[in-house]
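Remarks on the overall topology
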Amino acid sequence: MRQAVFVAPTERDELDRMRRAHAAAAKQFRVFASGPEVWGWQGRTLGRRAGDCWLRIVSAQVDKAGGRLWEGTATADTRVPRSVPRPRLRGALDWTSPDVAYRAELTEYVSVPPVTSGTPVLDQDIALPDSWWSELKSALGTLATVPTDRESVRQNWVDRNFRRFLGIDPIRIRETTTGHADLHWANLTRAPLIVLDWENWGRVPVGYDLGLLHAYSLAAPATAARIRREFRAVLETDAGRVGELIALGQLLQACSRGVHPHLAPLVARQAEHLTGIPVPTP
């Protein structure tokens, strides 16, 4: 699983390449991109406002383009019910240069800001209305009913990594649901709720989405407690515990690579709370 690192490329050539590609996509869509640049995961995506639209491009080496992540936004647009609040896709196009493939997606612009910007982590408590929590619960409940063969979290990750990051034997994923698979605070707007970034959606362990959102909230204890209250019917089940442990393990893997270092001890403490076993020292 990728964990969100929202940074622009450090190499000038990469910056220029992505900016040229974004400008080329704007020309093809006949829109004018004028808003601030918003860089995505490890600089592989670049988005900007273009009038009443949002234009986002993603790039990859030609031999790694396509597949589940490449098609996620488009498949969500057609398969996930409109009652799950998200931006509508207005157009998509693909092209390649000699070494790099690109996909451009034009979606409706969302004027409601995300809860956090530039980071998935909630560093301080936020007061969200009861209606927001009801909307989130409804959206996740509806999403869970969507049939799909997209697999966002795999058993082989558990088998390879549980001992290393959680210090316990691998457990079996026995109950799955359809989920967002990247549920964090930069992908959720303030009221009214809109869920952003659908490239990774698919089958996940029960409790995974909620465990991930809770983990990203551990530095905001009142909000983390609200998540556990609102979703205790999932998180306090055996299946929900499995999903939460997988989310924690994947976050610990990301933290071991230098991502969200201030969150690492909080995630480790939550994992130990669930398993009774201290996580291995890096």
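Refer to the preceding data block for the structure.
In what follows, the accompanying structure is described. Quantities reported herein were computed from a predicted structural model and do not represent experimental measurements.

Turning our eyes to something else, we now look at the environment of Pro170. Residue position: Pro170 is located in the loop between α4 (155-166) and β6 (176-179). In this structure, the C-alpha to C-alpha distance between Pro170 and Leu128, residues 42 residues apart in sequence, is 36 Å. Setting aside residues up to four positions removed in sequence, Pro170 forms contacts with Val158, Asp159, Phe162 and Arg163.

With omega at -5 degrees, the peptide bond leading from Ala191 into Pro192 counts as cis. Among the secondary structure elements, Pro192 is positioned in the loop between β6 and β7 (202-205). Although it is not a glycine, Ala181 sits at a positive phi angle of roughly 75 degrees. Here Ala181 is to be found in the loop between β6 and β7. Residue class for Ala181 comes out buried when judged on its relative accessible area of 1%. At His260, a position not held by glycine, the phi torsion is positive, near 50 degrees. Inspection of the secondary structure puts His260 in the loop between α8 (238-256) and α9 (264-275).

All right, on to the pattern of salt bridges then. Inspection of the entire model under this criterion finds 15 salt bridges. Between Arg90 and Asp52 there is a salt bridge whose closest N-O contact spans 3.3 Å. Separated by 38 residues along the polypeptide, Arg90 in strand β4 (residues 89-96) and Asp52 in the loop between β2 (45-50) and β3 (53-61) bring together distant segments of the chain. When the shortest N-O distance is used, the salt bridge between Arg226 and Glu230 registers 2.8 Å.

Following the criterion strictly, the structure yields 5 aromatic pairs and no others. When the ring of Trp95 is compared with that of Tyr102, the centres are 5.1 Å apart and the planes differ by 15 degrees; the resulting orientation is stacked. Given a relative accessible area of 5%, Tyr102 falls into the buried group. Note on Trp157 and Phe162: the rings are 6.3 Å apart at their centroids and 85 degrees apart in plane angle, and the pair reads as edge-to-face. Take Trp157: its relative accessible area is 6%, and that puts it in the buried class. For Phe162, a relative accessible area of 0% gives the class buried. An aromatic cluster is defined as three or more aromatic residues linked by ring pairs; in this entry it consists of Trp132, Trp133 and Trp185. The ring of Tyr109 has Arg49 sitting right over it, with the charged end atom 3.9 Å from the ring centre.

Time to look at the side chain of Arg17. Position of Arg17 among the secondary structure elements: in helix α1 (residues 12-29). The residues touching Arg17, leaving out its near neighbours within four places in the chain, are Ser59, Val100 and Tyr102.

Take Thr281: it is sitting in the segment after α9. According to the relative accessible area criterion, Thr281 is exposed, its value standing at 74%. Once the C-alpha coordinates of Thr281 and Arg103 are considered, the two residues, 178 residues apart in sequence, prove to be 40 Å apart.

What follows concerns the side chain of Ser152. Along the chain, Ser152 turns up in the loop between α3 (130-143) and α4. Engagement of the side chain of Ser152 in a polar contact is seen with the backbone oxygen of Trp201, the distance being 3.3 Å. For Ser152, the contacting residues outside a window of four places in its chain are Arg68, Ala181, Asn200, Trp201, Gly202, Arg203 and Val204.

Here β4 pairs with strand β5 (residues 100-108) via 7 bridges, running antiparallel. Looking across to β5, one finds that Leu89 is bridged to Thr107. Where β4 folds back onto β5 in an antiparallel hairpin, the turn is made up of 3 residues.

What follows concerns the sheet that holds strand β1 (residues 38-39). In space, the 5 strands of this open sheet follow the order β1-β2-β3-β5-β4, with antiparallel pairing throughout. A strand with exactly one partner marks an edge of an open sheet, and here the two such strands are β1 and β4. The pairing of β1 with β2 spans 2 bridges and is classified as antiparallel. Looking at β2, one finds that Val38 is bridged to Gly47. Along the sheet face, α1 touches β1, β2, β3, β4 and β5 and points at about 130 degrees away from the line of β3. Strands in contact with helix α2 (residues 68-79) are β3, β4 and β5; relative to β5, the strand with the most contacts, it is inclined by about 30 degrees.

Calculation criteria
Residues numbered from 1 in each chain as written. Predicted model: local features only at pLDDT ≥ 70, side-chain atom pairs only at ≥ 80, totals over all residues. Heavy atoms only, no water. Helix = DSSP H or I, 4+ residues; strand = E, 2+ residues; numbered from the N terminus. Contact = heavy atoms within 4.5 Å. Buried < 20%, exposed > 50% of the residue type's maximum accessible area, 1.4 Å probe, protein only. Salt bridge = Lys/Arg side-chain N within 4 Å of Asp/Glu carboxyl O. Phe/Tyr/Trp six-rings, centres within 6.5 Å; stacked < 30°, edge-to-face > 60°. Lys NZ or Arg CZ within 6 Å of the ring centre and 35° of its normal. Polar contact = N/O pair within 3.5 Å; in protein donor to acceptor, adjacent residues only side chain to side chain. Pairing = 2+ DSSP bridges. Axes fitted to C-alpha atoms, helices over the stretch in contact; angles between N-to-C directions.

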